[in-house]
Each structure stands twice: as C-alpha cells, then as structure tokens.
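# Close look at the chain arrangement
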Amino acid sequence: MAATTHVFRVEGMHCGSCALLIDDALEDLPGVRSTQTTIKQARSTVELDADRSSPQDVIRVIEELGYRASALL
Ligand SMILES: [Cu+2]
C-alpha cells in the first residue's frame, strides 16, 4: 500500500498547542503514517494511506476540533 502526502491549509490556530492538538487527533485516524502541523505556516502535512482514510477524513478531524481546513495538494 502506497502512502501519499497531502497538504492542508488550517485556519484558526492560536498557538503551538493548537498544532499539537491537531497532530494528536490526526495520529488516531486510520492510515495516517505521519503528520506535521505548524502554526507558522498554517499547514498540516499528512502522509496518508489512501486505502484507509481520505483527505476528506483529515479535513473532518481538523474541523471537529474547531478549526477550518482545506486541501492544498
Ligand atoms: Cu492554541
């Protein structure tokens, strides 16, 4: 199974704890191999196994935490 890297724009982060919160939640999503969220760039970079979760699932997890997310690539 090949993992692909997806980049998301994340709006609404206030501090580094927000980024950690998002990374912790994304790590629980099936198929997520790595996740790196930075407030400085307002981005989440997620390495995802497409057989297990979709970019839309990543967006849903981020938005359930109260942030806004959109796929960049
Ligand atoms: Cu915060």
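Residues numbered from 1 in each chain as written. Predicted model: local features only at pLDDT ≥ 70, side-chain atom pairs only at ≥ 80, totals over all residues. Heavy atoms only, no water.

## Comments concerning the coordination of the copper ion
Taken together, Cys15 (SG) and Cys18 (SG) make up the full set of protein donors to the copper ion, lying 2.1 to 2.2 Å away. On the accessibility criterion, cysteine 18 (8% relative accessible area) is buried. (Donors = N, O, S within 2.8 Å, 3.2 Å for Na, K, Ca; no water. Buried < 20%, exposed > 50% of the residue type's maximum accessible area, 1.4 Å probe, protein only.)

## Examining the sheet that holds strand β3 (residues 43-49)
Reading across the sheet, the four strands line up as β2-β3-β1-β4 and stay open at both edges, with antiparallel pairing between neighbours. Every interior strand has two partners, whereas the edge strands, β2 (32-38) and β4 (68-71), have only one. Taking each pair of neighbouring strands and ignoring which way they run, the sheet shows an average axis angle of 25 degrees. Its contacts with the sheet place helix α1 (residues 16-27) against β1 (3-11), β2 and β3, and it is angled at close to 170 degrees to β2. Strand contacts of helix α2 (residues 55-64): β1, β3 and β4, with the helix running at about 165 degrees to β4, the strand carrying the most contacts. (Pairing = 2+ DSSP bridges. Helix = DSSP H or I, 4+ residues; strand = E, 2+ residues; numbered from the N terminus. Axes fitted to C-alpha atoms, helices over the stretch in contact; angles between N-to-C directions. Contact = heavy atoms within 4.5 Å.)

## Observations regarding the environment of leucine 29
Topologically, leucine 29 is positioned in the loop between α1 and β2. Along the backbone, leucine 29 and histidine 14 are 15 residues apart, and their C-alpha atoms lie at a distance of 23 Å. Look past the residues within four positions of leucine 29 in its chain and what remains in contact with it is Ser53, Asp57, Val58, Arg60 and Val61.

Purely spatial values, then, with no claim about function.
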